[in-house]
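Single-letter residue listing:
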Amino acid sequence: MSVLLRQQKAAVLSVCRQVGGQRGFSQTAQRSDLFDFLRRRSIKPRDEEPKPTATDTSTPAQPQKKTSDVMSEVESSSSSEPVKQSLRIVGKPPSIQETWEAEKNGFDLSNPWPIRLVAPELTAEAVINALETNYAKIVEPKLTEKPTDWKSTKLDDLQLRFDFSKAVIAELQVSIPDRVLSQLSTIGDIHDYYLTQVVGRIFNEKLPDAVYFDKEEFEGTNITFVDADKEKKESKLRWKRLVQEAKEQQRQQQRELLDKALQ
């Protein structure tokens, strides 16, 4: 009996070897790969499956409303009216209401505040007239004792100094820096500042360090002033005229030689 079993077992093994050799079957045990591992992880055991929770009957879920129903409720409800905002229309004149835009906050844009610090065309007579006029209007009514010379009037009151200097600056159209105005304590100081630092002075923003001279101060001396730009232009014109004269003489000589050759 044992011999028969051994023969049957050997026959089965031989058949398996033949089939495995023909179809490429391996006799070794197959190992699980990464996909098998992930596949097993995705299958949850029964004890880990989520259990159904009992619904709370005390607070039933609110059904969703339609958009049309929500809009009708909002339109029918007594809600506060939205705040109206005024929009500015380009080109439309300002309204009569007292707004900063309509009133310009008291500023007159047609007569802006002067910003220049020098005035070559300003004269000493114009400065004296502006000082005397504004002294009579602003300073003199507030004085208890009038001085013998109006230039010696002190401007210790800062408000008075501001009002007086503002009127003078607006009339002469030449500003006074704040750092300078704080040091001018009398009307005479303002007068001297205008005559020495403003009247006849020239200032070019492109050449802030340039030095300017008064030609009248050097009259009768051997010092002459030449305008560099003007001299350069005149030099170019002189050179152009000389070139034209030379070309004309050359053409004249050529005509004379041609006439001699034709004779």
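Residues numbered from 1 in each chain as written. Predicted model: local features only at pLDDT ≥ 70, side-chain atom pairs only at ≥ 80, totals over all residues. Heavy atoms only, no water.

Taking an unreviewed UniProt entry as the reference, the protein chain is identified by name as Large ribosomal subunit protein mL50 belonging to Trichomonascus ciferrii. Under the heading Sequence similarities (unreviewed entry), UniProt records this for the protein chain: "Belongs to the mitochondrion-specific ribosomal protein mL50 family." (UniProt positions renumbered as here; feature names shortened; annotations may be inferred.)

### Things to note about the overall build of the protein chain
Broken down by element type, the protein chain carries 9 helices and 0 strands. Starting at the N terminus, the α and β elements of the protein chain follow one another as α-α-α-α-α-α-α-α-α. Looking at the protein chain alone, contacts between residues at least 24 apart form 62% of all its contacts between residues at least 6 apart. (Helix = DSSP H or I, 4+ residues; strand = E, 2+ residues; numbered from the N terminus. Contact = heavy atoms within 4.5 Å.)

### Comments concerning the UniProt feature "coiled-coil region" (unreviewed entry) in the protein chain
In the UniProt entry, the feature "coiled-coil region" (unreviewed entry) is given for residues 236–263. As a span, residues 236–263 carries 96% helix and 0% strand, and end to end its C-alpha atoms are 41 Å apart.

### Some points on unusual backbone geometry
The phi dihedral of Q173 is positive, around 60°, even though this residue is not glycine. Looking at the element boundaries, Q173 is found in the loop between α6 (158–172) and α7 (178–181). By relative accessible area, which is 28% here, Q173 ends up partly exposed. (Buried < 20%, exposed > 50% of the residue type's maximum accessible area, 1.4 Å probe, protein only.)

### Describing a nonpolar patch on the surface
Residues F213, I223 and F225 make up a contiguous nonpolar surface patch of roughly 290 Å² in combined accessible area. For F225, a relative accessible area of 31% translates into the label partly exposed. (Patch = residues over 30% accessible without salt bridge, like charges linked within 9 Å, V, L, I, M, F, W, Y side chains within 5 Å. Areas by Shrake-Rupley, 256 points an atom, 1.4 Å probe, with all protein chains shown as cover. Salt bridge = Lys/Arg side-chain N within 4 Å of Asp/Glu carboxyl O.)

### What to know about the nonpolar core
Among the nonpolar cores identified, the biggest contains 26 residues, and L122, L131, F164, I176, I190 and Y194 are the most heavily contacted of them. Elements supplying a minimum of two residues to this core: α5 (124–139), α6, α7 and α8 (187–197). At 6 residues, the largest contribution of residues to this core is made by α5. The residues contacting I176, other than those within four sequence positions of it, are I169, L181, L184, I190, Y193 and Y194. (Core = buried A, V, L, I, M, F, W, Y, C linked by side-chain atoms within 4.5 Å.)

### Overview of the packing of α5 against α8
Remark: α5 packs on α8, axes separated minimally by 10 Å, with the N-to-C direction vectors making an angle of 155°. Relative to α8, the element α5 lies roughly antiparallel. Judged by the sense of rotation from one axis to the other, the crossing of α5 with α8 is right-handed. Residues A124, V127, I128, L131 and Y135 of α5 pack against I187, I190, H191, Y194 and L195 of α8. Considering only residue class, the contact of α5 with α8 consists of 9 nonpolar, 1 polar and no charged. (Axes fitted to C-alpha atoms, helices over the stretch in contact; angles between N-to-C directions. Parallel < 35°, antiparallel > 145°, perpendicular 65-115°, else oblique. Left-handed = near helix turned anticlockwise from the far one by under 90°. Nonpolar A, V, L, I, M, F, W, Y, C, P; charged D, E, K, R; others polar.)

### Thoughts on the confidence of the model for the protein chain
Considering every residue of the protein chain, the mean pLDDT works out to 76; 61% of them sit at 70 or more. By mean pLDDT, helix α4 (residues 100–103) is the weakest element of the protein chain at 56, and α5 is the strongest at 92. Ignoring residues within four places in sequence, the model shows residues 19–25, a span with pLDDT below 50, making 3 contacts including any to other chains. (pLDDT = per-residue confidence, 0-100.)

### Quick word on α5
Along an α-helix, residues three or four apart share an orientation, since each turn contains 3.6 residues. Taking 1.5 Å of rise per residue, the 16 residues of α5 would be expected to cover 22 Å, and the 21 Å separating its terminal C-alpha atoms lies within 8% of that figure. For α5, the full list of buried residues reads V127, A130, L131, N134, Y135, I138 and V139. Each buried residue of α5 sits inside an arc of 130° when the element is viewed along its axis, so together they form one side. Exposed residues on α5 whose side chains face more than 90 degrees from its buried face are E125 and K137. (Expected span 1.5 Å × (residues − 1). Arc of directions from axis to C-beta.)

### Some words on the side chain of T153
As for its placement among the helices and strands, T153 is situated in the loop between α5 and α6. By relative accessible area, which is 4% here, T153 ends up buried. Setting aside residues up to four positions removed in sequence, T153 forms contacts with Y135, V139, L143, P147, S185, T186 and I187.

### Observations regarding the packing of aromatic side chains
Under the criterion given, the structure shown has 2 aromatic pairs. Ring centres 6.1 Å apart and planes at 40° place the aromatic pair Y135 and W150 in the tilted group. On the criterion of sequence distance, the pair formed by Y135 in helix α5 and W150 in the loop between α5 and α6 is long-range, its members being 15 residues apart. With a relative accessible area of 8%, Y135 lands in the buried category. On the basis of relative accessibility, which here comes to 16%, the residue W150 falls in the buried class. Here the aromatic rings of Y193 and Y194 are separated by 6.0 Å at their centres, their planes lie at 75°, and the arrangement is edge-to-face. (Phe/Tyr/Trp six-rings, centres within 6.5 Å; stacked < 30°, edge-to-face > 60°.)

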